[in-house]
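Take a look at the letters that make up each chain.
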Amino acid sequence: MKRLVASLLLITTLCHAQPEKPTSAEIYHKVEKLNFLGSALYIAAHPDDENNRLISFLANNTMARTGYLSLTRGDGGQNLIGLELRELLGVIRTQELIEARNIDGGEQFFSRANDFGFSKLPNETLQIWDKKQVLQDMVWVIRNFQPDVIITRFDHRSPGTTHGHHTSSAMLTQEAFGLANDAKYEPSQLQYTQTWQPKRVLFNVSWWFFGGKDKFEKADKSKYVNLHTGTYYPLLGKSNQEIAALSRSRHKSQGFGSTGERGDDMEYLELIKGDKLNDKQNLFEGIDTSWNRVKGGKNIGEAITAILKSYDFKNPAASIPALVKVYSQISQLEDGYWKKQKLKEIKEIIAECAGLYLEAVAEQQSVTPGSNLKVRWEAINRSDVTMKLSSLTLLPQNKSLSQNVALDNNVDQGTTLDVQLPENIAYTSPYWLTEKGTSGMYKVNDQLNIGKADIIRELAVMFTIDINGVQIPFERTIVYKFNDPVKGEVYQPLDVVPAVTTRILNKVQLFTDTKEQTVSIKIKAGQDNCKGELKFELPQGWKVSPAAIPFDLKIKGSETVVSFKVTPPETPMEATGRSIAVINGKEYDREQTIIDYPHIDQQNVLLPSTAKFTKVDLKIEGKKIAYVMGAGDNIPESLKQMGYDVTLITTEDITAEKLNGFDAVMMGIRAYNVQEDLAFKQQILFDYVHNGGTMLVQYNTPGRLAVKDIAPYPLRISGKRVTDENASVKFLDPAQKVLNYPNKITANDFKGWVQEQGLYYPDDWAKEFTPVFSSHDKGEEALKGGLLVAQYGKGHYIYTGLSFFRELPEGVSGAYRIMANLLAAGK
């Protein structure tokens with residue numbers, strides 16, 4: 001029974017609104033995979049760490065069940081496609097990984113580790129992560145996925161040579177390899193699963209670890225497993241590298257678009273632990289990957305081989321009688337891992353051979369707990385095979401509805417059901433964000449949810465189809481779809497939402513004096529006749545009026561904005577404000593965020609409806625700021641909160657005439673990495689500075705700069721950074737103007753920072769630049785490139801790697817004060 005539960009946990013189908021419609025050749029490819037009983041698990045730290053080529057090769061050439069365990073969801077990265085950061089970016093990157101696996105044939109898993117930002121050493125990483133919990137999660141996934149082979153992306157023996165998360169993922173893998181088979185380790189897991197011992201662990205060697213491609217070419221690679229992965233798949237019409245490139249290109253938020261290649265390709269792997277390999281072309285040497293590894297499975301393997309030999313590419317349905325017999329044979333096996341996995345696979349193959357289309361569509365995209373939902377189901381058999389719809393079962397209610405409807409060839413069947421939702425059904429939102437975690441770990445209390453990649457969606461319909469007297473259940477998640485005049489048929493997930501959600505419109509409210517300000521809050525109805533009152537709470541010392549504001553929204557989806565008056569305390573203070581709607585005595589404190597990008601499913605995220613309120617001693621000089629957006633950030637909104645008049649300008653707007661009226665020009669993060677047209681505008685910007693303007697450039701990465709000279713004087717950007725947001729700073733010249741005007745900057749202004757102090761600091765610059773401060777991570781030399789100021793002509797050019805793009809949207813008081821001084825450099 002334990003093995004059955006464990007298999008069910010990891011075989012759960014991920015919800016993707018758009019149904020799969022494979023070709024005859026793709027179905028044959030799946031039948032081939034049905035006859036391979038082996039599994040491989042790739043382990044690394046982040047989304048985009050995975051080797052898409054190797055995952056695709058294992059899934060499509062070797063035919064192994066292949067998984068990728070990313071310890072984090074990439075929450076600490078940057079975002080090249082939008083303004084989402086931290087948890088919301090993690091939601092995007094989660095979906096990008098799921099989409100990547102849909103393309104390369106792998107499956108996706110995660111631990112509860114939070115990507116808290118760049119870490120230089122694994123000991124730092126494991127101090128912030130809860131090492132014990134991460135290791136528990138890795139063992140849990142291994143025990144459930146039961147990989148024969150584990151592959152790490154990174155080397156566990158080289159701490160300090162790469163991201164601390166990277167090395168940690170490899171180090172923890174070495175521990176998990178043995179612990180997964182130890183019944184004394186985390187015995188509470190064994191009520192759901194069983195111990196498991198992988199055969200071997202390998203390290204996926206790459207030229208990165210040799211210091212360059214030239215060195216790697218010259219290195220002796222005879223001791224490694226040498227896999228020729230440049231396979232061409234005629235059934236799929238693509239090379240392995242082309243599939244991998246499509247998969248890799250799903251990582252759009254990180255700018256990892258990839259071009260497919262063709263021809264021979266090599267992957268090298270070093271055996272670290274486990275059974276030795278004599279065959280350097282076979283990762284599964286010594287492992288029986290045929291049906292013989294399952295008791296009573298020999299005849300099943302022979303039957304599948306016969307199906308492959310007789311498969312009719314023009315009529316896949318001809319294989320259905322034999323496939324149904326194999327389904328029955330697998331069903332009669334003893335409960336176990338491969339039984340559950342192969343039943344899942346063969347069911348979908350049978351449906352695809354028959355052109356059996358099963359769908360459950362809601363009439364609306366969102367619903368509330370306890371409400372009634374109309375669901376239109378559709379079932380159509382597009383083959384000559386006799387079958388009927390025996391019953392429908394509504395999930396999670398487990399309510400069965402007898403049907404006994406014949407599914408004749410190409411005759412569409414379907415009706416509308418009234419579905420009563422349970423009052424206690426969970427809201428649709430990323431399960432790992434439901435409860436507040438720590439900077440290093442997400443909090444997930446339900447053991448059965450740990451490791452799952454996607455949002456958990458409970459609403460589904462089970463179609464039980466009788467084929468040749470065999471009852472086969474097919475589960476379909478209820479979705480929503482509509483017709484768009486331009487896009488045509490559009491699918492979206494069905495979301496369960498609260499009766500009301502609220503959003504504080506300014507995520508940071510800045511107070512520079514004791515005058516009251518207006519705080520506006522948007523109220524959105526999740527149902528019709530949404531009536532109640534809204535309260536807004538701040539800690540002691542802040543005054544809020546009125547105590548509550550009534551609202552009455554008649555139509556679901558309608559919105560209104562109400563306003564409270566807030567008076568700050570006399571002294572500087574940072575506080576969190578909470579918005580709470582009350583309906584019939586029940587409190588609703590969630591804010592709804594819809595993440596909608598064309599390359600991933602639409603995501604509904606529910607987080608506490610809060611905002612940061614900051615009373616700060618702040619003075620500004622100069623008012624008009626021109627802002628050139630880079631990779632995307634929220635700094636312009638923060639500047640407006642400070643009292644600046646901010647104008648977003650494009651590269652086309654960069655002319656001498658248009659810049660003339662601005663007190664300062666500010667370049668968004670990575671502007672010189674993503675705005676190629678800046679190559680033609682740089683001299684205009686330099687002239688603006690020379691004539692008396694202030695130009696503030698935020699961090700850029702050293703690769704792919706649009707300009708040769710990022711500054712009017714020589715300046716070289718490096719990968720150096722200070723990852724410790726609490727690192728102490730030393731002012732190199734306390735009398736410097738940017739430390740004294742219009743605000744007196746002290747070490748206190750660097751307290752309360754989040755995630756990191758700064759990144760991509762210059763490591764070499766001309767004598768015209770003056771470094772302002774130095775700081776460093778523990779045990780490292782002091783870095784002086786975090787803030788450089790140079791006078792150029794009558795104006796000032798400033799380059800900074802300080803992470804203002806993280807600090808200002810978090811309402812960090814000191815970051816506002818430092819920013820004000822930088823923008824006032826020319827005053």
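None of the values given here were measured: they were computed from a predicted structure. (Residues numbered from 1 in each chain as written. Predicted model: local features only at pLDDT ≥ 70, side-chain atom pairs only at ≥ 80, totals over all residues. Heavy atoms only, no water.)

(A) Summary view of the pairing of strand β22 (residues 508–511). By the alternation rule, side chains of β22 split into V508 and L510 and Q509 and F511, which are all buried. Both β22 and strand β32 (residues 610–615) contribute to a ladder of 4 bridges, which runs parallel. From the neighbouring strand, F511 faces β32, where its bridge partner is K615. (Buried < 20%, exposed > 50% of the residue type's maximum accessible area, 1.4 Å probe, protein only. Helix = DSSP H or I, 4+ residues; strand = E, 2+ residues; numbered from the N terminus. Pairing = 2+ DSSP bridges.)

(B) View of helix α3 (residues 52–60). α3 sits mainly inside the fold: 8 of its 9 residues count as buried. When α3 is considered as a whole, its buried residues turn out to be N52, L54, I55, S56, F57, L58, A59 and N60. Its side-chain oxygen at 3.1 Å from the backbone nitrogen of R53, N51 defines the N-terminal cap of α3. (Polar contact = N/O pair within 3.5 Å; in protein donor to acceptor, adjacent residues only side chain to side chain.)

(C) Spatial organisation of the pattern of salt bridges. Applying the stated rule across the entire model yields 45 salt bridges. K342 is the salt-bridge partner of E345, the closest N and O atoms lying 3.2 Å from each other. A residue pair is termed a helical-turn pair when its members lie 3 or 4 positions apart in one helix, as E345 and K342 do in helix α12 (residues 337–354) at 3 residues. Across the pair, K342 and E345 agree in class, each one buried. Of the charged contacts in the structure, one is a salt bridge between D763 and R716, with a shortest N-O distance of 2.9 Å. Taken together, the residues span a long stretch of sequence, with D763 in strand β39 (residues 758–765) and R716 in strand β37 (residues 715–722) at a distance of 47 residues. Given the relative accessible area of 29%, D763 is considered partly exposed. Put simply, E537, R578, D589 and R590 are held in one network by salt bridges that share partners. (Salt bridge = Lys/Arg side-chain N within 4 Å of Asp/Glu carboxyl O.)

(D) Region of interest: the packing of helix α13 (residues 635–642) against helix α18 (residues 813–823). Axis separation between α13 and α18 bottoms out at 11 Å; the angle between their running directions is 85 degrees. If you check the angle between α13 and α18, you find them roughly perpendicular. Between α13 and α18, the contacting residues are S638, L639 and M642 on the first element and Y816, M819, A820 and L823 on the second. Broken down by class, the residue content of the contact of α13 with α18 amounts to 6 nonpolar, 1 polar and no charged. (Axes fitted to C-alpha atoms, helices over the stretch in contact; angles between N-to-C directions. Parallel < 35°, antiparallel > 145°, perpendicular 65-115°, else oblique. Contact = heavy atoms within 4.5 Å. Nonpolar A, V, L, I, M, F, W, Y, C, P; charged D, E, K, R; others polar.)

(E) Up close: the sheet that holds strand β43 (residues 795–800). Read across the sheet, 7 strands follow the order β34-β33-β35-β36-β43-β42-β40 without closing on themselves; strand pairing throughout is mixed. Where the open sheet ends on each side, the last strands, each with one partner, are β34 (645–649) and β40 (769–771). When the angles between neighbouring strand axes are averaged without regard to direction, this sheet yields 20 degrees. Relative to β34, strand β33 (residues 624–628) is paired through 5 bridges, and the arrangement is parallel. Its bridge partner being in β34, A626 is matched across the sheet by T647. Helix α16 (residues 682–690) contacts β35 (664–667), β36 (694–697), β42 (787–792) and β43 of the sheet and is inclined by roughly 125 degrees relative to β43.

(F) Structural context of the sheet that holds strand β25 (residues 543–545). Taken together, 4 strands build an open sheet; the order of strands is β21-β23-β27-β25 and the sheet is antiparallel. Strands at the two margins of the open sheet, each flanked by one partner only, are β21 (500–504) and β25. Across the sheet, the mean angle from the axis of one strand to that of its neighbour is 30 degrees, orientation sign disregarded. Here 8 bridges tie strand β23 (residues 517–525) to strand β27 (residues 559–567), and the two strands are oriented antiparallel to one another. For K522, the partnering residue across the bridge sits in β27 and is V561.

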